[in-house]
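# Descriptive analysis of the structure
Take a look at the letters that make up each chain.
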Amino acid sequence: MDVLNPVMWSVHVGFAVLWVGSVLFVTLAVLPPALRGDIGGDALGSVVGRLRWITRIGAVAFVASGGHMAGTQYTFEALTSTPRGHLVLTMLGLWFVGTGLVEVAGSKLADGLDAGKLREPARDAKPFLYGASAVSVGLIVTAGLLASPTVL
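Conventions used here
- Residues numbered from 1 in each chain as written.
- Predicted model: local features only at pLDDT ≥ 70, side-chain atom pairs only at ≥ 80, totals over all residues.
- Heavy atoms only, no water.
- Patch = residues over 30% accessible without salt bridge, like charges linked within 9 Å, V, L, I, M, F, W, Y side chains within 5 Å.
- Areas by Shrake-Rupley, 256 points an atom, 1.4 Å probe, with all protein chains shown as cover.
- Salt bridge = Lys/Arg side-chain N within 4 Å of Asp/Glu carboxyl O.
- Helix = DSSP H or I, 4+ residues; strand = E, 2+ residues; numbered from the N terminus.
- Buried < 20%, exposed > 50% of the residue type's maximum accessible area, 1.4 Å probe, protein only.
- Axes fitted to C-alpha atoms, helices over the stretch in contact; angles between N-to-C directions.
- Parallel < 35°, antiparallel > 145°, perpendicular 65-115°, else oblique.
- Left-handed = near helix turned anticlockwise from the far one by under 90°.
- Contact = heavy atoms within 4.5 Å.
- Nonpolar A, V, L, I, M, F, W, Y, C, P; charged D, E, K, R; others polar.
- Core = buried A, V, L, I, M, F, W, Y, C linked by side-chain atoms within 4.5 Å.
- Phe/Tyr/Trp six-rings, centres within 6.5 Å; stacked < 30°, edge-to-face > 60°.

### Concerning a nonpolar patch on the surface
Together, L4, V7 and V11 line one region of the surface with nonpolar side chains, adding up to about 200 Å² of accessible area. Positionally, V11 belongs in helix α1 (residues 4–36). A residue is classified by how much of its surface remains accessible, and V11, at 31% relative accessible area, is partly exposed.

Now the structure itself:
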């Protein structure tokens, strides 16, 4: 079991970096040109499709690795009654919200691109991508608090 813990941590952190980076990249580097109509629909569709797949594959990786870590390091009581447990539950809630926001944004973009539009679906997806970006930053802050031995 001791050998599995570092593997799970690595998978968890690796997918977290990939997912957060992807969300922020799409929001900060891809969305603005889409709002201006300066990016092709095929290129935008490809980027959005990849973000959605990263989100979905990440979901499986997060459930497996996070579930393992929570199951080996916390009891139900520790999750619900300690500050570290509250941070773990906060992270879980933020991740669910962020995943939902990315899925809604991706759906709005994909539906609009399928209809041959670009600016309108980008505008419709904007608040969801901004929300997902804020949540992803919240996840990083929460992870930093969990990683710090002196905070809690």
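### Here's the deal with the packing of helix α2 (residues 41–73) against helix α4 (residues 83–114)
For the pair α2 and α4, the least separation of the axes is 10 Å and the interaxial angle reads 155°. When the axes of α2 and α4 are compared, the pair comes out roughly antiparallel. Crossing angle aside, the handedness with which α2 passes α4 is left-handed. Contacts between α2 and α4 involve G41, L44, G45, V48, L51, R52, T55, R56, A59, F62 and V63 from the first element and W95, T99, V102, E103, G106, S107, L109, A110 and L113 from the second. Its residues assigned to classes, the contact of α2 with α4 shows eleven nonpolar, six polar and three charged.

### Concerning the nonpolar core
Counting 33 residues, the largest nonpolar core has W19, L44, L109 and L129 as the members making the most contacts within it. Going through the elements one at a time, α1, α2, α3 (76–81), α4 and α5 (119–147) are the ones with two or more residues in this core. Residues within four places of L44 in sequence aside, it is in contact with V30, A34, I39, L109, L113 and L118.

### A few points about the packing of aromatic side chains
Two numbers describe a pair of aromatic rings. These are the distance of the centres and the angle of the planes. For the structure shown, the criterion picks out two aromatic pairs. An angle of 80° between the planes, with centres 5.8 Å apart, marks the rings of F62 and W95 as edge-to-face. You can see F62 sitting in helix α2 and its partner W95 sitting in helix α4, a full 33 residues away along the chain. As far as burial versus exposure is concerned, F62 and W95 are alike and both buried. Seen from their ring centres, W95 and F96 are 4.9 Å apart, and the 50° between their planes marks the pair as tilted. Each residue in the set F62, W95 and F96 is aromatic and connected to the rest through ring pairs, giving one cluster.

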